[in-house]
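# Notes for the structure review
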Amino acid sequence: MKPNMIWANLAVSSLERTQKFYTELGCKPNNPHHSDELVSFFFGDNEFVIHFFLKNIIEANLKDLRFGDARQTNEIIFTLSAETRDQVDQWADEVKKAGGTIVSAPESFGNQYYGFVFADPDGHKFNVFHM
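Residues numbered from 1 in each chain as written. Predicted model: local features only at pLDDT ≥ 70, side-chain atom pairs only at ≥ 80, totals over all residues. Heavy atoms only, no water.

## Focus on the packing of aromatic side chains
Under the definition given, this model contains 14 aromatic pairs. Seen in terms of ring centroids, Phe 41 and Phe 52 are 6.4 Å apart; in terms of plane orientation they differ by 70 degrees. Their pairing is edge-to-face. Of this pair, Phe 41 sits in strand β3 (residues 38–43) while Phe 52 sits in strand β4 (residues 48–54), and the two are eleven residues apart along the sequence. By relative accessible area, which is 0% here, Phe 52 ends up buried. An angle of 10 degrees between the planes, with centres 5.1 Å apart, marks the rings of Phe 118 and Phe 126 as stacked. The two residues Phe 118 and Phe 126 agree in class, both being buried. Here the guanidinium or amino end of Arg 85 rests over the ring plane of Tyr 114, the centre of that ring lying 3.9 Å away. (Phe/Tyr/Trp six-rings, centres within 6.5 Å; stacked < 30°, edge-to-face > 60°. Helix = DSSP H or I, 4+ residues; strand = E, 2+ residues; numbered from the N terminus. Buried < 20%, exposed > 50% of the residue type's maximum accessible area, 1.4 Å probe, protein only. Lys NZ or Arg CZ within 6 Å of the ring centre and 35° of its normal.)

Structural data, given as structure tokens:
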């Protein structure tokens, strides 16, 4: 199998809230993929795509699949790399201001890692670290 591309599809309860949160974090909108059913953003220099679908829409389209509550369970955690420890701290502040939840505050772990975990308003987790 050699796919041309990979992207993520996540379920959310409010497109407006999701749009506001990721826009405030400075994520680049993937505007051709924006509708009354989903919002989409590019992440990172290689422009990884994450589509955020309304939960009822994605479940209807995927038939027998059901999405859990990301605030209660984890299926995936995305990792975002920061260039410096100061950038890690800055991003933690930006996440709080945008309405995200800091799951674990910035801290050192191991000999060379510094980072934190946050959740977006729907509970999707992101690990931010500098190494």
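More follows now that the structure is in view.
## Comments concerning helix α3 (residues 85–98)
Working note: α-helix, 3.6 residues per turn, so residues spaced by three or four point in the same direction. The terminal C-alpha atoms of α3, which comprises 14 residues, lie 20 Å apart, in line with the 20 Å expected from a rise of 1.5 Å per residue. Those residues of α3 lying buried are Gln 87, Val 88, Ala 92, Val 95 and Ala 98. Angularly, the buried residues of α3 cover 145 degrees about the axis, an arc narrow enough to put them on a single face. Residues of α3 that are exposed and angled more than 90 degrees away from the buried face: Asp 86 and Lys 97. For α3, the secondary structure elements touched by its buried residues are α1 (15–24), β6 (101–109), β7 (113–119) and β8 (125–130). Immediately beyond the C-terminal end of α3, within one or two residues, lies Gly 99, with a positive phi of roughly 105 degrees. (Expected span 1.5 Å × (residues − 1). Arc of directions from axis to C-beta. Contact = heavy atoms within 4.5 Å.)

## Focus: the layout of surface pockets
By volume, the largest pocket is sized at about 680 Å³. Lining the largest pocket are 24 residues, with Phe 43, Gly 44, Leu 80, Ser 81 and Trp 91 positioned closest to its centre. Going through the elements one at a time, β3, β4, β5 (77–81), α3 and β8 are the ones with two or more residues in the lining of the largest pocket. Its residues assigned to classes, the lining of the largest pocket comprises 15 nonpolar, five polar and four charged. Taken as a whole, the second largest pocket holds about 500 Å³ of empty space. Every residue lining the second largest pocket is counted, 23 residues in all, and those nearest its centre are Leu 10, Phe 67, Gly 68, Glu 75 and His 124. (1 Å grid on protein atoms, 1.4 Å probe; cavity = no way out; pocket = protein on both sides within 12 Å on 5 of 7 lines; lining within 4 Å. Points joined across faces, edges and corners; volume = space filled by probe spheres on them. Nonpolar A, V, L, I, M, F, W, Y, C, P; charged D, E, K, R; others polar.)

## Observations regarding the pairing of β3
Here β3 lies mainly inside the structure; six of its six residues are buried. Where strand β2 (residues 28–29) meets β3, two bridges bridge the pair, whose relative direction is antiparallel. Residue pairing across strands places Pro 29 opposite Phe 41, the latter belonging to β3. Connecting β3 to the antiparallel partner β4 that follows it, the hairpin turn spans four residues, and Gly 44 within it adopts a positive phi of roughly 80 degrees. (Pairing = 2+ DSSP bridges.)

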